[in-house]
Amino acid sequence: NKANIELIVKREVNEENKERGCKWNKREKEWERCDAPQVFKLGANDVIRPGIIKYTRWQQHIEDIFAAQNLPPYLALLTVVESRMDPDAISSAGAAGYYQFMPQMAKTYGLYVSAEGEMKGKVLVPFVDERRNILLSADATARYLADEVKRLRRQYPKAGSLVEVMATSTFQ
């Protein structure tokens, strides 16, 4: 039931925050920000919270991928916004996976999406959609955003760190 799920989610958030060394603010009745983005507070929206919990399990791997492209770690959280960390999320336009890539953009950034019931010779190949692989899609997203940041820096040289924000607005 919903009350049990809420307790499990709170317990997972509490454990994650304790592991990161966060402090509980008794007056505000929330976790104080530590090494995690502000969105990890217990007051996060119930719709987003399960995505945040899933994100914390992959956070270090995903943020390392984004760091390799010289992107700030908060951009890795796009997956929580785009899909709530649901690999089966599909938009009405056909974007799918953790970071909601359209098939052509996925192909451009090296993600393989097979056709349903694709044949190789006389063998039926199982359906493959790498947009649903968290690390492959995080890598493709980081490379896409890095490309956009470079493009926007050339176009708006005085924009500074606002360029990263502008790059996310071009995402899909």
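As the structure is a prediction and not an experimental result, all values here were calculated from the model.

About the cut-offs
Residues numbered from 1 in each chain as written. Predicted model: local features only at pLDDT ≥ 70, side-chain atom pairs only at ≥ 80, totals over all residues. Heavy atoms only, no water. Salt bridge = Lys/Arg side-chain N within 4 Å of Asp/Glu carboxyl O. Buried < 20%, exposed > 50% of the residue type's maximum accessible area, 1.4 Å probe, protein only. Helix = DSSP H or I, 4+ residues; strand = E, 2+ residues; numbered from the N terminus. Phe/Tyr/Trp six-rings, centres within 6.5 Å; stacked < 30°, edge-to-face > 60°. Expected span 1.5 Å × (residues − 1). Bend = angle between axes of the 7 residues up to and from the residue. Core = buried A, V, L, I, M, F, W, Y, C linked by side-chain atoms within 4.5 Å. Contact = heavy atoms within 4.5 Å.

Asks: With reference to specific residues and values, describe the pattern of salt bridges.
Replies: Side chains carrying opposite charge are able to pair once their charged atoms draw close together. Enumeration according to the criterion identifies five salt bridges in this entry. Among the salt bridges present, the one from Asp129 reaches Arg131, with a minimum N-O distance of 2.8 Å. In terms of burial, Asp129 and Arg131 fall into one category: buried. Ionic pairing is found between Glu148 and Arg151, a salt bridge with its closest N-O pair at 2.8 Å. Taken together, the residues span about one helical turn, with Glu148 and Arg151 both in helix 5 (residues 134-155) at a distance of three residues. Through salt bridges that share partners, Asp88, Asp129, Arg131 and Arg132 make up one connected network.

Asks: So what's going on with the packing of aromatic side chains? Which residues, and what values?
Replies: Tallying each qualifying case throughout the model produces two aromatic pairs. On the basis of an interplanar angle of 85 degrees and a centroid distance of 5.7 Å, the ring pair of Tyr109 and Tyr144 is categorised as edge-to-face. Of this pair, Tyr109 sits in the loop between helix 4 (103-108) and strand 3 (119-120) while Tyr144 sits in helix 5; the two residues are 35 residues apart in sequence, bridging distant segments of the chain. Overall, Tyr144 belongs to the buried group, its relative accessible area being 6%.

Asks: Go over helix 2 (residues 49-68), please, and point to the residues and values.
Replies: Taking 1.5 Å per residue, 20 residues should reach 28 Å; helix 2 reaches 27 Å between its end C-alpha atoms and fits that length. At Trp58, helix 2 shows its largest kink, close to 65 degrees. The set of residues buried in helix 2 consists of Arg49, Gly51, Ile52, Ile53, Tyr55, Thr56, Gln59, Ile62, Glu63, Ile65 and Phe66. Downstream of helix 2 by a residue or two, Asn70 has a phi angle that is positive, lying close to 60 degrees.

Asks: Residues and numbers for the nonpolar core, please.
Replies: Among the nonpolar cores identified, the biggest contains 25 residues, and Tyr55, Ile62, Phe66, Leu71, Tyr99 and Leu145 are the most heavily contacted of them. Those elements that provide at least two residues to this core are helix 2, helix 3 (78-83) and helix 5. Ranked by residue count, the leading element in this core is helix 5, at seven residues. Residues in contact with Ile62, not counting those within four places in the same chain, are Tyr55, Ala76, Tyr99, Ile134 and Ala138.

So, to be careful, I would describe these as geometric facts and stop short of saying anything about function.
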